[in-house]
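# Descriptive analysis of the structure
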Amino acid sequence: MVDVVIIGSGPAGLTAAIYCQRFGLSTVVIAGRKWGGQLMLTTDVENYPGFRHILGPELMQKMRDQTKDLGVEIVDLSVTKLDTSKKPFLVTAEDKTFEGKTVIIATGADTKWLGVPNEGKLRGHGLSSCAPCDAFFFKGKPVAVVGGGDSAMEEAQVIAKVASDVILIHRRDEFRAQKAMIDKVMSLKNIRVLYNTQVMDVIGDTTLTGVLLDTRVISPKQGVASFDELVVAFSGVKKTNTQWELPRLGLFVAIGLVPNTQIFQGLELDSHGYVKRYEEKDENGVLKYFTKTNVPGVFTAGDVHDARYKQAVTAAGFGCMAALDVQRWLAEQEK
Ligand code: NAP
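Note that this is a predicted model, so its numbers are computed, not measured. (Residues numbered from 1 in each chain as written. Predicted model: local features only at pLDDT ≥ 70, side-chain atom pairs only at ≥ 80, totals over all residues. Heavy atoms only, no water.)

### Brief notes about the domain arrangement of the protein
What counts here: What fixes the domain bounds is an automatic or database domain assignment.
Each domain of the protein was delimited in the assignment, giving domain 1 (2-110 + 257-333) and domain 2 (119-253). On a C-alpha basis, the centres of domain 1 and domain 2 stand 35 Å from each other.

### Let's talk about the packing of aromatic side chains
Heads up, the rule is: Note on aromatic pairs: the rings of Phe, Tyr and Trp (six-membered ring only in Trp) are paired at centre separations within 6.5 Å, and the planes decide the class, stacked below 30 degrees, edge-to-face beyond 60, tilted for the rest. In this analysis the charged atom, NZ for Lys or CZ for Arg, is taken to sit over a ring once it is within 6 Å of the ring centre and within 35 degrees of the ring normal.
Using the criterion set out here, one finds nine aromatic pairs in the structure. Look at F136 and F137: their rings are 5.7 Å apart centre to centre, the planes differ by 75°, and that puts the pair in the edge-to-face class. An aromatic cluster of at least three residues, connected via ring pairs, comprises Y289, F299 and W329. Against the face of F234 rests R192, its NZ or CZ located 4.3 Å from the ring centre.

### Remarks on the packing of helix α1 (residues 11-22) against helix α8 (residues 312-334)
Counted only if it meets this: Note on method: axes are straight lines fitted to C-alpha atoms, helices fitted across the in-contact stretch only, with angles between N-to-C directions ranging 0 to 180 degrees. Under the DSSP-based scheme used, a helix requires at least four consecutive residues in state H or I and a strand at least two consecutive residues in state E, with every element numbered from the N terminus. By definition, any crossing whose near helix is turned counterclockwise from its far helix by less than a right angle is left-handed, and any crossing with a clockwise turn is right-handed. Whether two residues are in contact is decided by their heavy atoms: any pair within 4.5 Å suffices. Three classes are used: nonpolar for Ala, Val, Leu, Ile, Met, Phe, Trp, Tyr, Cys and Pro, charged for Asp, Glu, Lys and Arg, and polar for all others, with Gly counted as polar.
Look at α1 against α8: their axes get within 7 Å of each other, and the N-to-C directions meet at 35°. Considering how the two elements wind past one another, α1 and α8 form a crossing that is right-handed. Contacts from P11, A12, T15, A16, Y19 and C20 of α1 reach α8 at A312, A315, A316, G319, C320 and A323. Class assignment for the residues of the contact of α1 with α8 results in ten nonpolar, two polar and no charged.

### Regarding the site of the ligand
Keep this limit in mind: Distances are taken per atom, and a residue is near a molecule or strand as soon as one of its heavy atoms is within 4 Å of it. Nitrogen and oxygen atoms within 3.5 Å of one another constitute a polar contact, given that in protein one can donate a hydrogen and the other can accept it, and given that sequence-neighbouring residues count only through two side-chain atoms. The protein chains shown are the only cover counted for residues, whose accessible areas, like all others here, come from Shrake-Rupley with a 1.4 Å probe.
The ligand sits among 19 residues. The nearest are D150, S151, R172, R176 and A307. Measuring from an oxygen atom of the ligand, one finds a side-chain N or O atom of S151 at 2.5 Å. Between R171 and the ligand, the recorded distance is 2.9 Å, taken from a side-chain N or O atom to an oxygen atom. Protein contact buries 81% of the 900 Å² of open area that the ligand shows by itself. No other element matches the three residues that helix α5 (residues 150-160) contributes to the shell around the ligand. Each residue belonging to the shell around the ligand can be placed in one class, and the counts come to four nonpolar, seven polar and eight charged. For the shell around the ligand, the two domains that each supply at least three residues are domain 1 (2-110 + 257-333) and domain 2 (119-253).

### Some words on the sheet that holds strand β14 (residues 197-203)
Test applied: Strands are treated as partners if at least two bridges between them are detected by DSSP.
Strand order in the open sheet formed by four strands is β14-β15-β17-β16, and the pairing between neighbours is antiparallel. A strand with exactly one partner marks an edge of an open sheet, and here the two such strands are β14 and β16 (237-238). One ladder, built from six bridges, connects β14 with strand β15 (residues 210-215); its direction is antiparallel. If you follow V199 over to β15, its bridge partner there is L213.

### Comments concerning the pattern of salt bridges
Rules: Salt bridges are defined by distance alone: a side-chain nitrogen of Lys or Arg within 4 Å of a carboxyl oxygen of Asp or Glu. The classification of residues rests on relative accessible area computed with a 1.4 Å probe and restricted to protein chains. Under 20% of the type maximum is buried, over 50% is exposed, and intermediate values are partly exposed.
All told, the structure shown has 13 salt bridges when counted by the stated rule. Here D214 makes a salt bridge to R216, at a shortest N to O gap of 2.8 Å. Taking relative accessible area as the criterion, D214 reaches 5% and is therefore assigned buried. One salt bridge in this structure joins D228 and K238, with 3.0 Å as the shortest N-O distance. In this pair, D228 sits in helix α7 (residues 227-233) while K238 sits in strand β16, placing the two residues ten residues apart along the sequence.

### Some thoughts on unusual backbone geometry
Look at the link from K87 to P88: it is a cis peptide, with omega at -5°. Assignment of secondary structure puts P88 in the loop between β6 (79-83) and β7 (89-93). One non-glycine residue with positive phi stands out, namely E94, at about 55°. Considering the arrangement of structural elements, one finds E94 in the loop between β7 and β8 (96-105). For E94, a relative accessible area of 30% puts it in the partly exposed group.

### Looking at the side chain of R64
For R64, the location among the structural elements is in helix α2 (residues 56-69). Within the local environment of R64, its side chain forms a polar contact with the side chain of D76, the two groups lying 2.8 Å apart. When sequence neighbours within four positions are dropped, the list of residues in contact with R64 reads L14, A31, W35, I74 and D76.

### Description of the environment of V185
Position of V185 relative to the elements: it lies in helix α6 (residues 179-186). Judged by its relative accessible area of 1%, V185 falls in the buried class. When the C-alpha positions of V185 and K34 are compared, they lie 35 Å apart, and in sequence the two are 151 residues distant.

### Quick notes on α6
Counted only if it meets this: The arc in question is the one traced by the directions running from the helix axis out to the C-beta atoms.
Where α6 is concerned, the buried positions are M181, I182 and V185. Taken end-on, α6 shows its buried residues confined to a sector of 100°, consistent with a single buried face. Relative to its buried face, α6 has exposed residues pointing more than 90 degrees away, namely K179, A180 and K184. In this structure, the buried residues of α6 make contact with α5, β12 (165-169) and β13 (191-194).

### Side note on the pairing of β12
For clarity, the threshold we go by: Orient the strands so they point away from the viewer, and a crossover whose first-strand-to-second-strand path over the helix runs clockwise is right-handed.
Of all five residues in β12, four are buried, a share of seventy percent or more. When strand β11 (residues 142-146) meets β12, the two strands line up parallel, connected through five bridges. Bridged to V143 within β12 is V166. Note that the unit made of β11, α5 and β12 has a crossover that is right-handed. Direction of pairing for β12 relative to β13: parallel, over a ladder of four bridges. Note on β13: the bridge partner recorded for I169 is L194.

Shown next, in the form of structure tokens:
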């Protein structure tokens, strides 16, 4: 049995491990078969303090090396079950089981993709989910962003700074995003919006050249009288009475994230599937715990509970906080 089993090996999980190990707690990280989290899918990172420029996978390798050098056991298996019904907690990772006095859940969140036929083939070849990471590749090029929430507004703003022009594709004719963010996007001269439009597929042999769209109802906001006029207004190519091809060299998918919480039973999740945190204050009203879940002894860190900040550096910060909470909690149990 160890003091803490950390599930996940992105910045949150590895930072938690570094802190726990240095507190003298016996620590195991179950890293997952694809260890390292979202930064492993990123190219340039230029906003992680201490590194003016570093590649995402290189940054994660450094964090992993630092964690291992401290003596933390890192297991590259995927967790299949967390049993919180009794103590110690049982974490099953494929054919192995680990017992922990505490658990930190730091499994992150993955991009929600469109699920269209050619998506797998063109990912990384014109199709991206991260404008801050990949904007550089689209300098002066026509791109599109799909989504209608805050993420889509953010992606559109970031990419509009470098792309020649941006078409924001949304499946309804009302955005979900906050008004202030919509207003910002609308004020940019090189962004246009396509409403009531679904992405049916991405087109291109080796790199993306266009997007297959379906527009069934023309929104009054589009300022055109018919489907044919809409297609012409966006320099598209009509395919059927509702489907058309929009030529684009890049498409950014920003339709939300899926927190990796599917395997956790007994853990309270919010309506979007993120782990619910329960802050606790002491008798003087001072914050005592930040990363507790509904299960005493199970803590959470990083994007798996955070739909708001979603940065490597904030995930690392949450990892540190979870480790501090674990240390305090274990000390309280021993009193
Ligand atoms: P979101 O709020 O869930 O919005 C997802 C958007 O994508 C919605 O407009 C949705 O359309 C659309 N969508 C979902 N599935 C789709 C599909 N299969 N095809 C086409 N469109 C699809 O997700 P998010 O924008 O990533 O934001 C997640 C959370 O993070 C939110 O709470 C948000 O406020 C927060 N966030 C905050 C900031 C910020 O404050 N700076 C930045 C980013 C994110 P419908 O509207 O039709 O459902």
